[in-house]
Amino acid sequence: MRILLPTCLLAVLLISGSAFGQEHTSNAFAYKVNDPIVLDGNLDEEIWGPEGWNGEFMQYFPSDTSLAIAQSRVKIAFDDNNLYIAAVMENLGPREYVSTSLRRDYRGAQNDGITFVFDTFNDKTNAFQFGVNPYGVQREGLISNGGNKSEDLSLAWDNKWYAEAKIFENHWQVEAIIPLSTVRFKDGAQNWNINFYRIDSDAGERSSWSPLPRNFNMSSIAFNRKLIFEEPLKKNSANISLIPYVAGKTSKNFLENTSEPFKPAVGGDAKVGIGPAMNLDLTFNPDFSQVEVDQQVTNLDRFEIFFPERRQFFLENGDLFDSFGQQRSKAFFSRRIGVDIDSATGQNVQSKIIYGARLSGKINEDWRIGAMNMQTATDTEAGISGKNFSVLAIQKKVFERSNIGLIYVDKESLGLDEYKSLFNPDEYNRLIGMDFNLNSANGKWTGKAFYHRTFESRETVKPYSFNAYMLFSDIHWGGSVSIQDIGKDFNPEVGFLPRSDFKRFNPDISYMFYPNSSLINRHGPKLEFEGYWNETIGTTDRDYNISYTVRFNSFAELTLTQKNRYLYLFQDFDPTRTGGEKLPAGTDYYTQTLGFEFRSNPRNVFNVRMTGDGGEYFTGNYFSLVSELGLRLGYMANISMNFNYARIRLPAPQSDADLVLVGPRIDLTFTKKLFWTTFIQYNNQIDNLNINTRLQWRFAPVSDFFLVYTDNYYPSDFTPKQRSLVFKLNYWLNL
């Protein structure tokens with residue numbers, strides 16, 4: 001039975017990959033121009049004449065069955081070096097526009113904007129995304145895994161391109177230039193898959209050129225249409241970018257009474273195009289001090305919390321590496337390289353990377369490859385040996401949008417003893433795995449099946465991870481089923497694995513109603529079961545959950561959830577995670593809780609996102625509230641407050657706790673080039689007050705000066721723990 005069920009599920013995945021198709025509609029046309037276009041947002045060049053525009057945008061929200069109320073049209077041209085885009089967004093009359101800030105990479109339903117999506121290899125799986133708002137603020141991102149989930153869009157990727165926007169009485173318009181060296185594509189390509197979508201805050205409407213069913217994510221690329229080029233595309237530039245930096249840092253550790261005098265540093269990155277579709281990323285002595293600090297959370301779970309990657313070097317084609325596995329068992333997690341946790345402050349801190357090299361991209365339309373090698377430094381005073389990390393990933397397209405991938409991960413420790421070989425033969429961790437990713441042609445079926453195995457110098461028992469997953473999404477019905485088996489000694493040290501030695505079964509089913517209402521857009525219930533067990537203990541966790549979601553036409557959303565949980569402790573555990581008396585291993589608990597999640601209309605000047613949960617908790621009870629309050633002052637300032645509160649009451653000998661995490665944040669955008677962000681986080685669970693303030697001056701495209709000050713205190717008496725001041729100057733140079 002253990003073999004039969006996963007085998008049947010995998011067979012369904014394989015059959016589904018070729019069983020679904022979709023209708024194709026009219027395409028767009030890209031015109032060849034001989035004279036360069038002047039970027040001023042005026043659209044007065046001859047190529048932007050009345051013929052050849054792509055209009056008739058369809059509504060995506062609140063409905064998906066009618067033409068958009070606020071119409072848009074887009075036109076595309078190109079020459080040997082650049083892609084040119086013109087877009088006109090009409091309004092119903094004079095109005096104000098919503099831009100949460102002037103900072104690059106805006107995100108969210110509250111922003112007015114037009115977005116252009118280019119699937120340059122026609123695989124309907126990966127794409128480049130470029131967006132502009134009415135004030136000319138740009139954003140660029142990478143879409144992976146078909147864009148079916150919000151996390152499939154990463155806006156952390158940066159590259160050089162240019163745009164200007166102008167506002168008129170009854171419309172606004174955009175002119176953009178995207179160098180062909182910015183994107184990867186097949187040399188001699190005759191067509192790409194594309195789509196354009198618009199968010200209009202005044203009408204509360206989202207619309208797209210190629211129609212999107214409203215039960216799919218708006219970044220989904222399953223429904224893209226064709227862009228036909230007047231003649232095949234050629235890459236003529238060398239496509240080499242150098243990004244050198246100079247930086248300096250001074251710090252003081254008050255706990256150890258040590259200080260670091262001002263120390264300059266130099267290093268940099270290089271991006272080298274290998275043919276039209278491969279990219280070689282190189283880094284020497286990288287510095288990531290300007291990367292935004294992680295937003296802390298109160299952790300009441302027994303396991304580690306996942307924080308996403310934000311460092312630029314790891315992002316382009318990042319899905320080639322980090323898509324192997326799933327959230328509870330990732331084969332590779334780039335934050336294992338060059339990031340440590342400071343035990344005094346609970347903050348993630350940078351550890352020294354000496355160099356790194358990464359080759360990634362398309363070999364042809366069916367094959368992708370990624371290879372990476374990174375080296376971290378040895379700290380003899382701390383007794384820490386340097387580590388070498390190697391990753392190789394290969395992906396083969398099957399059916400229309402699915403793929404099979406192989407991954408190999410190797411972590412080696414350098415020998416500290418001068419008589420040993422370069423690598424310590426007793427300290428290594430390796431992983432090899434295979435994944436099958438399903439994306440049906442019509443986007444209704446997605447799934448994954450994988451098997452991974454780790455290798456270490458010690459003897460291990462069942463060092464494997466297996467998962468088979470299938471999800472169905474239609475206009476009304478949705479559902480998924482997942483089977484997971486993680487062995488006792490599966491240990492991906494360069495991956496992410498909160499727990500091991502369990503089997504998991506997780507089905508759910510949902511239904512959505514679409515009423516004819518001016519208030520409610522959709523609503524419906526969801527039933528979910530989640531069970532964990534292993535061969536030694538039997539059942540360790542079991543959840544029966546029922547929830548009901550209501551989404552309003554204003555973009556606001558409310559979800560109510562009732563959970564019935566059984567939990568067995570296989571290790572001693574302090575429910576407050578504050579050093580109190582632990583509950584003993586071998587005990588089990590039945591609890592019932594009721595929770596809610598609410599998101600207000602994001603277009604409002606004041607908005608709120610709030611999650612509450614309360615009820616039985618181990619031997620006592622608890623109430624938890626997580627909220628984010630936001631105040632937008634035009635596009636010049638965003639003031640927000642993250643507030644987490646957990647009230648835990650347990651009978652003796654366990655301790656009660658009132659856990660508080662407060663995180664006020666002020667984000668000022670003086671111009672489109674000058675930004676100042678201050679983030680304060682008070683967390684009594686780790687007894688720390690953190691202040692992080694960052695000034696950024698974008699003096700040239702994708703070139704910045706940063707000044708970052710960080711301070712950590714004991715909250716009770718403001719006794720300092722650690723303090724640092726960093727500056728960094730980097731410049732992006734295209735050769």
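Above this text sits the structure in question.
Residues numbered from 1 in each chain as written. Predicted model: local features only at pLDDT ≥ 70, side-chain atom pairs only at ≥ 80, totals over all residues. Heavy atoms only, no water.

(A) Geometry of the environment of Arg 609. Position of Arg 609 relative to the elements: it lies in strand 34 (residues 606–617). Look at Arg 609 and you get partly exposed, because its relative accessible area is 42%. Sequence separation of Arg 609 and Glu 557 is 52 residues, and the distance between their C-alpha atoms is 9.5 Å. Beyond its immediate stretch of four places on either side in the chain, Arg 609 contacts Glu 597, Phe 598, Arg 599, Val 626, Ser 627 and Glu 628. (Helix = DSSP H or I, 4+ residues; strand = E, 2+ residues; numbered from the N terminus. Buried < 20%, exposed > 50% of the residue type's maximum accessible area, 1.4 Å probe, protein only. Contact = heavy atoms within 4.5 Å.)

(B) Fine view of empty space enclosed by the protein. Applying the stated criterion to the full structure yields 6 cavities of 30 Å³ or more. Of the voids in this model, the second largest cavity is the one considered here, and its volume is about 90 Å³. Here the element with the most residues in the lining of the second largest cavity is strand 23 (residues 387–398); it accounts for 3 residues. Taken together, the residues of the lining of the second largest cavity sort by class into 1 nonpolar, 5 polar and 8 charged. (1 Å grid on protein atoms, 1.4 Å probe; cavity = no way out; pocket = protein on both sides within 12 Å on 5 of 7 lines; lining within 4 Å. Points joined across faces, edges and corners; volume = space filled by probe spheres on them. Nonpolar A, V, L, I, M, F, W, Y, C, P; charged D, E, K, R; others polar.)

(C) Region of interest: the nonpolar core. Judged by nonpolar contacts, the single largest core of 38 residues is most densely connected at Ile 76, Leu 83, Phe 118, Val 174, Trp 192 and Ile 194. When neighbours within four sequence positions are excluded, Leu 83 is seen to be in contact with Ile 76, Ala 77, Phe 78, Phe 118, Ala 176, Ile 177, Ile 178, Leu 180, Trp 192 and Phe 229. Residues Met 374, Val 391, Ile 486 and Tyr 532 belong to the second largest nonpolar core, which totals 24 residues. (Core = buried A, V, L, I, M, F, W, Y, C linked by side-chain atoms within 4.5 Å.)

(D) Spotlight on the packing of aromatic side chains. A full pass over the atoms with the stated rule returns 34 aromatic pairs. Taking 5.5 Å as the distance between ring centres and 55° as the angle between the ring planes, the aromatic pair formed by Trp 697 and Phe 699 counts as tilted. Given a relative accessible area of 27%, Phe 699 falls into the partly exposed group. By way of ring pairs, the aromatic residues Phe 78, Phe 118, Phe 128, Phe 130, Trp 157, Trp 161, Phe 185, Trp 192 and Phe 229 are connected into one cluster. Above the plane of the ring of Phe 679 lies Arg 665, whose end atom (NZ or CZ) is 5.3 Å from the centre. (Phe/Tyr/Trp six-rings, centres within 6.5 Å; stacked < 30°, edge-to-face > 60°. Lys NZ or Arg CZ within 6 Å of the ring centre and 35° of its normal.)

(E) How the structure looks around the pattern of salt bridges. For the coordinates displayed, the defined rule picks out 36 salt bridges. For Asp 667, the salt bridge is made with Arg 103, and the minimal N-O distance between the two is 2.8 Å. Taken together, the residues span a long stretch of sequence, with Asp 667 in strand 37 (residues 657–669) and Arg 103 in the loop between strand 4 (82–90) and strand 5 (113–119) at a distance of 564 residues. For Asp 667, a relative accessible area of 12% translates into the label buried. A relative accessible area of 15% places Arg 103 in the buried class. The closest approach of N and O atoms between Asp 435 and Lys 448, which form a salt bridge, is 3.1 Å. Within this pair, whereas Asp 435 is found in strand 25 (residues 423–439), its partner Lys 448 is found in strand 26 (residues 445–456), the two being separated by 13 residues in sequence. Each member of the pair, Asp 435 as well as Lys 448, carries the same accessibility label: buried. (Salt bridge = Lys/Arg side-chain N within 4 Å of Asp/Glu carboxyl O.)

(F) Molecular detail of the side chain of Arg 401. With respect to the helices and strands, the residue Arg 401 is situated in the loop between strand 23 and strand 24 (402–414). Lacking a salt bridge, the buried Arg 401 has Glu 400 as its closest oppositely charged neighbour, with an N-O distance of 6.4 Å. Separated by 2.8 Å, the side chain of Arg 401 and the backbone oxygen of Lys 124 make a polar contact. At 2.8 Å, the side chain of Arg 401 forms a polar contact with the backbone oxygen of Ser 440. Non-local contacts of Arg 401, meaning those with residues more than four positions away in its chain, are made with Asp 123, Lys 124, Thr 125, Gly 146, Ala 222, Asn 439, Ser 440, Ala 441 and Gly 443. (Lys, Arg positive; Asp, Glu negative; His and termini not counted. Polar contact = N/O pair within 3.5 Å; in protein donor to acceptor, adjacent residues only side chain to side chain.)

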